[in-house]
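# Summary of structural features
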Amino acid sequence: MDIESWGRENPIKKESWRTVLALAYQSLGVVYGDLSTSPLYVYKSTFAEDIHHSESNEEIFGVLSFVFWTLTLIPLLKYVFIVLRADDNGEGGTFALYSLLCRHARVSTLPNGQLADEDLYEYKNDRKLSADRIGMSLKSTLEKHRFLKKILLILALIGTCMVIGDGVLTPAISVFSAVSGLELSMAKHHHQYVEVPVACVILVFLFFLQHYGTHRIGFLFAPIVITWLFCISAIGLYNIFHWNPHVYQALSPYYMYKFLKKTQRGGWMSLGGILLCITGSEAMFADLGHFSQLSIQIAFTFVVYPSLILAYMGQAAYLSKHHVIQGDYHIGFYVSVPEKLRYPVLAIAILAAVVGSQAIITGTFSIIKQCSALGCFPRVKIVHTSSKIHGQIYIPEINWTLMLLCLAVTIGFRDTKHISNASGLAVITVMLVTTCFMSLVIVLCWHKNVLLAICFIFFFGSIEALYFSASLIKFLEGAWVPIVLSLIFLVVMYSWHYGTLKKYEFDVENKIPINWLLTLSPNLGITRVRGIGLIHTELVSGIPAIFSHFVTNLPAFHQVLVFLCVKSVPVPHVRPEERFLVGRIGPKEYRVYRCIARYGYRDIHMDDVEFEKDLVCSIAEFIRSEGPAQSFEAAEGIDDNEKLTVIGTTSTHVDGVTMCEDIDTKDTEMIEISSPEVPRKRVRFLVPESPQMDLSVRAELQELMEAREAGMAFILGHCYVRAKRGSSLIKKLVVDIGYDFLRRNCRGPTYALSFPRASTLEVGMIYHV
């Protein structure tokens, strides 16, 4: 089932209930694997050290009350009924919220934005809705102050880094907690020599499977999670009716008060363990692009939420009648499972832990792809493991890095107490970032009263701040792990973003005026050779300095020049009919064009063959549709955004130019423009019949076709970025060491990697920023 084919043009609201329920079924295996395995370790982590289970049962009932209200307020109320509505054209996650804010308040730090981008179908900027005076003042303040823009970017990066840290910690704690059931069948202190190796083997196997793609084993995910939820809810019901039918009374908030009154500081510190009951809640929002709001709401409200409540109530009912149990695992999950069912439940728990780990790993891949597309993460190899479901990707470098870090955490800590402290801090930090962004979304995007945003951040922020403080106090007991991991990734991401931004600013400051081009003859003062010269640049206007640098040293160039800019825009997807912006640089006889290819942060870049064909066809369609009075980019100070024409890909040219290579196509309604010579590769343009076609247009198409037959040469800039003299020590460290190291070790642009190496030329320049 192609989940991502259900976009805005085919909204899920118009689908039948059968389709919605099918999506809800699939979401159980993808979204809720992590959240559903939390009963394995919540009680054990809560009672690990700070509080103890006493005869009065006030501790266990207080913890149950905290778990119930935390699950009700955060995942159910906040995420299911509020945050899910803040989608970015169907996409969710930390960067989706940031992207949404960037379009409504112009707070983006992406340097190559254009006015034409705001005309994209998914670039929704609801300017027709009027905000109140305080909301307009807030928007103006964010747009004017560069410091506030940086704060928003850093918040988004911190949330992203914590998600990556969660990708390390969640597999470790889920698999280790599932394997911990072996301790019930072994002698004291012997189980630790078995649990760690078994957990490591499962983790290695899990990460090894990633390159196959989740679509190959995904059909097993939903049944596994459903079986697991059925097991824990059935065991919970059994424990409730068999051991303590009155445990439901502990759902009263009064028991939270009694718990804190009795335990005081120890109870506050134990909140870090209770927090783990909502780990994985962020996945409901992050995976929104693969499903729909209604399907996720149905799955959580009617299946996941009741099952988890029954599981926690059942454990509390069992523990309320068993106060003294031999062994160090007296609060563990498996002790409340009937003895005859422990091994089957153990097997299902391990499978469920693998599914939950799979979901967070895939989510980590997706958010890194988003960051890379928006210039906030070094370029990495992205492998699409499914030809139908585009959201399923695999990143080898990140996969093996996560595996090594996950194994290091498992072997280093060797227990769930420290790992749970680390995981809790990562989870709550992401939720705090989401709360901060949501308060801005309420005012800037939904145009609601600012008091509503204040109430939202005060209510949910105070709850999450309480859990955050309880997790942060455990810094020396494992909570330092996500902080250290986040700092490392934050330095990497910010260094890359800073270096990329400074490099672009240098390009803008040193671009060649178009008047310089006009001073040259139609031959540009050099010899024009056959073929198309494709010059990659990150500029959306003007001529890059690399062009003059090349012309000065090598006075020969191709008969057709194309300045190509491939850029990402802050939307999830760009429709094929809006892919290219094409314009002309200089008079027609110069044969110099500008082409801007736009991609969303979840789009798949086309391969080399398809990209070359679409690029040439977009230029041909521009030539055909260009009016006789169309002007060219004339001088500095003139906005060339208005002179660029939106051209779609080949598949959208229903009544436009198409191109045939080595194919004998005959169409009575088309005029064939072909080369009189015998080329190496026969190329023909099929143009709709038009008696009014100007002879100059036909000649220009003829020349473009001949140049395509002669082949394409790809000119890439190889820039060495250095901090200028007099720069601060921090800037020199970031630019000369950090960014330079990342640039030399990261992959090139995706489209550049697919260029034939024999036709690629790199031009080196030194940038002093």
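Now for a description of the structure that goes with this document. (Residues numbered from 1 in each chain as written. Predicted model: local features only at pLDDT ≥ 70, side-chain atom pairs only at ≥ 80, totals over all residues. Heavy atoms only, no water.)

A word on the overall build of the protein. Check the secondary structure of the protein and you find 25 helices and 12 strands. The proportion of buried residues among the 769 residues of the protein is 57%. Within the protein, counting contacts between residues at least 6 apart in sequence, those at least 24 apart form 82% of the total. For the protein, the exposed area adds up to about 31900 Å²; of that, 61% sits on carbon and sulfur atoms. (Helix = DSSP H or I, 4+ residues; strand = E, 2+ residues; numbered from the N terminus. Buried < 20%, exposed > 50% of the residue type's maximum accessible area, 1.4 Å probe, protein only. Contact = heavy atoms within 4.5 Å. Areas by Shrake-Rupley, 256 points an atom, 1.4 Å probe, with all protein chains shown as cover.)

Attention now moves to the sheet that holds strand β6 (residues 592-599). Consider a sheet: its strands pair through backbone hydrogen bonds, and that pairing is either parallel or antiparallel. In spatial order, the strands read β7-β5-β6-β4-β3-β11-β12; together these 7 strands make up an open sheet with mixed pairing. Since the sheet does not close on itself, it has two edges, and those belong to β7 (645-647) and β12 (760-768), each with one partner. Ignoring which end each strand starts from, the neighbouring axes of this sheet average 30° apart. Inspection of the sheet shows strand β3 (residues 527-536) paired to strand β11 (residues 712-722) by 4 bridges, in the parallel sense. Following the sheet pairing, I532 is matched in β11 by M712. Strands in contact with helix α21 (residues 545-553) are β3, β4 (556-568), β11 and β12; relative to β12, the strand with the most contacts, it is inclined by about 115°. The sheet strands contacting helix α23 (residues 695-710) are β3, β4, β5 (580-584), β6 and β11, and the helix crosses β3 at an angle near 80°. (Pairing = 2+ DSSP bridges. Axes fitted to C-alpha atoms, helices over the stretch in contact; angles between N-to-C directions.)

Let's shift gears to the nonpolar core. Counting 166 residues, the largest nonpolar core has Y32, Y43, L64, L71, W228, F300 and Y312 as its most contacted members. Residues contacting L64, with those up to four places away along its chain left out, are Y43, V247, A250, L251, Y312, M313 and A316. Counting 29 residues, the second largest nonpolar core, distinct from the first, contains V551, V592, C719 and C746. (Core = buried A, V, L, I, M, F, W, Y, C linked by side-chain atoms within 4.5 Å.)

The next point concerns the environment of A234. Mapping A234 onto the fold places it in helix α9 (residues 221-243). Since its relative accessible area comes to 33%, A234 is described here as partly exposed. Spatially, the C-alpha atoms of A234 and A311 are 8.0 Å apart, while their sequence positions differ by 77 residues.

For the rest of this paragraph, the subject is the environment of I457. Checked against the element boundaries, I457 lands in helix α18 (residues 450-472). A C-alpha to C-alpha distance of 9.5 Å links I457 and L440, two positions 17 residues apart in sequence.

Before going further, it helps to spend a moment on the side chain of T72. Here T72 is to be found in helix α4 (residues 58-81). Judged by its relative accessible area of 15%, T72 is buried. In terms of polar contacts, T72 uses its side chain to reach the backbone carbonyl oxygen of F68, at 2.7 Å. There is a polar contact of 2.6 Å between the side chain of T72 and the side chain of Y305. (Polar contact = N/O pair within 3.5 Å; in protein donor to acceptor, adjacent residues only side chain to side chain.)

What follows concerns empty space enclosed by the protein. The final tally for this structure, using the stated rule, is 8 cavities of 30 Å³ or more. The space that makes up the largest cavity amounts to roughly 380 Å³. Lining the largest cavity are 31 residues, with V163, E282, A283, A286 and I360 positioned closest to its centre. Per-element accounting of the lining of the largest cavity gives the leading share, 7 residues, to helix α15 (residues 342-373). (1 Å grid on protein atoms, 1.4 Å probe; cavity = no way out; pocket = protein on both sides within 12 Å on 5 of 7 lines; lining within 4 Å. Points joined across faces, edges and corners; volume = space filled by probe spheres on them.)

You can see D166 is positioned in helix α7 (residues 146-179). The contacts of D166, once residues within four sequence positions are left out, are P171, I360, S423, A426 and V427.

Pairs of packed helices are described in terms of their axes, by the angle between the two and the distance that separates them. Across the interface, α4 lies against helix α17 (residues 416-444) with an axial gap of 13 Å and an inter-helix angle of 30°. In this view, α4 runs roughly parallel relative to α17, as classed from their interaxial angle. Handedness of the α4/α17 crossing: left-handed. In this structure, α4 uses I74, K78 and Y79 to contact α17, whose residues at the interface are M431, T434 and T435. Residue composition of the contact of α4 with α17, by class: 3 nonpolar, 2 polar and 1 charged. (Parallel < 35°, antiparallel > 145°, perpendicular 65-115°, else oblique. Left-handed = near helix turned anticlockwise from the far one by under 90°. Nonpolar A, V, L, I, M, F, W, Y, C, P; charged D, E, K, R; others polar.)

Overall, the coordinates contain 15 salt bridges when judged by the stated rule. Of the charged contacts in the structure, one is a salt bridge between K258 and E58, with a shortest N-O distance of 3.9 Å. With K258 in helix α10 (residues 254-263) and E58 in helix α4, the pair connects residues that are 200 residues apart, well separated along the chain. Residue K258 is classed as partly exposed on the basis of its relative accessible area of 23%. Note that E59 and K262 form a salt bridge whose closest N and O atoms lie 3.0 Å from each other. Within this pair, whereas E59 is found in helix α4, its partner K262 is found in helix α10, the two being separated by 203 residues in sequence. Owing to a relative accessible area of 5%, E59 belongs among the buried residues under this scheme. (Salt bridge = Lys/Arg side-chain N within 4 Å of Asp/Glu carboxyl O.)

A separate point is unusual backbone geometry. Both trends apply: most residues other than glycine have a negative phi, and most peptide bonds are in trans. Although it is not a glycine, Q264 sits at a positive phi angle of roughly 55°. Of note in this structure, R591 is not a glycine but carries a positive phi near 60°. Relative to the helices and strands, R591 is located in the loop between β5 and β6. On the basis of relative accessibility, which here comes to 12%, the residue R591 falls in the buried class.

This paragraph deals with the pairing of β11. Side-chain direction in a regular strand flips from residue to residue, so the side chains alternate between the two faces of the sheet. One ladder, built from 9 bridges, connects β11 with β12; its direction is parallel. Looking across to β12, one finds that F714 is bridged to T760.

Attention shifts here to the packing of α15 against helix α16 (residues 396-413). Contact pair α15 / α16: the axes reach a minimum separation of 10 Å and the direction vectors enclose 130°. Of the possible angle classes, the one that applies to α15 and α16 is oblique. Like other packed secondary-structure pairs, α15 and α16 cross with a definite hand, here right-handed. For the pair α15 and α16, contact is made by T364, F365 and I368 and by I398, N399 and L402, respectively. Split into classes, the residues belonging to the contact of α15 with α16 amount to 4 nonpolar, 2 polar and no charged.

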